[in-house]
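Residues per chain are reported as follows:
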Amino acid sequence: MNSMIQKEFAVIAEAFIAAEENDCDIEDMKFCNDTAEGLSLLSAEICLCSFSNCRFIGCSFKLVHFSDVTFEGCDLSNIRFESCSFQRVIFRNCKLTGTSFSEDSLSRTSFENCSAKYSNLSRAVMTDCSARESNFSEASFSESKFKKTVLKDCEFTRADFMHADLNGMDFSDCGIDGAFFQLDRLKGITVSYEQAVSLAKLLGIKVK
C-alpha cells in the first residue's frame, strides 16, 4: 500500500471503498454503531482501528492484514476471512457464529466472551493467542496448529479437533463433551480427571 486513510471516515463502507479505489491502508480510525453490508476488501491493511457495536452482513475479506485492532460488541456472523492475518487483535463480546478463519494466521489475538458456535478455524495457525469465556461449540479446528495458546472457561462441545496439533494445550477448565479428537494427537495436552475418564472411553479403557 502506498498511502493510508486516517481519521477521514466514520462510515465503514466509505472507508473500505476508498481503500479499494485508492489502494491504501485504513489506519487509526474508530467505527461505532455502523452496519456494513455486501462489502469486500482485498489485499489491504487495517491497523490501529476499533469497531464498536458494528454489524457486518455478507462481507468478505481476502489477504487482509489486521494489526492492533479491536472488535467490541460486533456481529461478524458468517463472515469469511480468507487468507487473512491477525496480529494483536481483540474480539470482545462479539458474535462470531459461523465465521470462517480457515487457513488464517492469528498472533497475539484474543477472544473474550464471544459466541463462536459453528465457526471455522480449520488449518489456522494460532500463536500466543487466548480464548476466555467463549463458546466454540461445534466449531472446526481440524488441522489447526496451536502455539502457546491459552484457553479459559471456554465451551468446545462437539468441536472438531481432528488432525490438530494440540501439544501443550490445557483444556482442564473447558467443556469438551462430544468433541472429536485424533487419538495420536492427544499426547501433551492437559485435561481434568473427569475429562480424562471421557477420553479414556475413546481408547476403549474402562475406568472403575
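Residues numbered from 1 in each chain as written. Predicted model: local features only at pLDDT ≥ 70, side-chain atom pairs only at ≥ 80, totals over all residues. Heavy atoms only, no water.

Trainee: Tell me about the overall build of the chain, residues and numbers included.
Mentor: Helix and strand content of the chain: 2 helices and 18 strands. At 18 Å, the chain has a C-alpha radius of gyration in line with the 17 Å of a compact globule built from 208 residues. Once the C-alpha set of the chain is aligned to its principal axes, its extents read approximately 65 × 30 × 25 Å. Counting only contacts in the chain whose residues sit at least 6 apart along the sequence, the fraction spanning at least 24 positions is 4%. For the chain, the exposed area adds up to about 10300 Å²; of that, 46% sits on carbon and sulfur atoms. A distance of 9 Å separates the average location of the 22 positive side-chain charges in the chain from that of its 31 negative side-chain charges. (Helix = DSSP H or I, 4+ residues; strand = E, 2+ residues; numbered from the N terminus. Rg over C-alpha atoms; globule rule 2.2 N^0.38 Å. Contact = heavy atoms within 4.5 Å. Areas by Shrake-Rupley, 256 points an atom, 1.4 Å probe, with all protein chains shown as cover. Lys, Arg positive; Asp, Glu negative; His and termini not counted. Charge placed at Lys NZ, Arg CZ, Asp CG, Glu CD.)

Trainee: So what's going on with the pattern of salt bridges? Which residues, and what values?
Mentor: This model, assessed by the stated rule, comprises 7 salt bridges. The partner of Glu82 in a salt bridge is Arg80, and the shortest N-O contact between them spans 3.8 Å. Overall, Glu82 belongs to the partly exposed group, its relative accessible area being 28%. We classify Arg80 as partly exposed; its relative accessible area is 38%. With a closest N to O distance of 3.0 Å, Arg123 and Glu103 form a salt bridge. With Arg123 in the loop between β14 (110-112) and β15 (125-127) and Glu103 in the loop between β12 (85-92) and β13 (105-107), the pair connects residues that are 20 residues apart, well separated along the chain. Owing to a relative accessible area of 37%, Arg123 belongs among the partly exposed residues under this scheme. Among the ionic contacts, a cluster of salt bridges with common partners joins Lys62, Arg80 and Glu82. (Salt bridge = Lys/Arg side-chain N within 4 Å of Asp/Glu carboxyl O. Buried < 20%, exposed > 50% of the residue type's maximum accessible area, 1.4 Å probe, protein only.)

Trainee: If you had to explain the nonpolar core to someone new, which residues and values would you point to?
Mentor: Phe51, Phe56, Phe61, Phe71, Phe91, Phe156 and Phe161 are the most contacted members of the largest nonpolar core, which totals 62 residues. Within the residue set of this core, elements represented by two or more residues are α1 (12-22), β10 (65-72) and β12. Top contributing element to this core by residue count: α1, with 4 residues. In this structure, Phe156 is in contact with Phe136, Ser137, Phe141, Leu151, Phe161, Phe171, Cys174, Gly175, Ile176, Asp177 and Ala179, ignoring residues within four places of it in sequence. (Core = buried A, V, L, I, M, F, W, Y, C linked by side-chain atoms within 4.5 Å.)

Trainee: Tell me about the sheet that holds strand β5 (residues 40-42), residues and numbers included.
Mentor: Here we have 3 strands laid out as an open sheet, ordered β5-β9-β11, and parallel in their pairing. Of all strands in the sheet, those bounded by a partner on one side alone are β5 and β11 (80-82). Strand-to-strand, the axes of this sheet are offset by a mean angle of 10 degrees, without reference to chain direction. Sheet topology note: the β5/strand β9 (residues 60-62) ladder contains 3 bridges and is parallel. The residue of β9 that forms the bridge with Leu42 is Lys62. Its contacts with the sheet place α1 against β5 and β9, and it is angled at close to 40 degrees to β5. (Pairing = 2+ DSSP bridges. Axes fitted to C-alpha atoms, helices over the stretch in contact; angles between N-to-C directions.)

Trainee: How would you sum up the pairing of β10? Please name residues and give values.
Mentor: Direction of pairing for strand β6 (residues 45-47) relative to β10: parallel, over a ladder of 3 bridges. Of the residues in β10, the one forming a bridge with Cys47 is Ser67. Pairing between strand β7 (residues 50-52) and β10: 3 bridges, direction parallel. Within the sheet, the bridge partner assigned to Phe51 lies in β10 and is Phe71.

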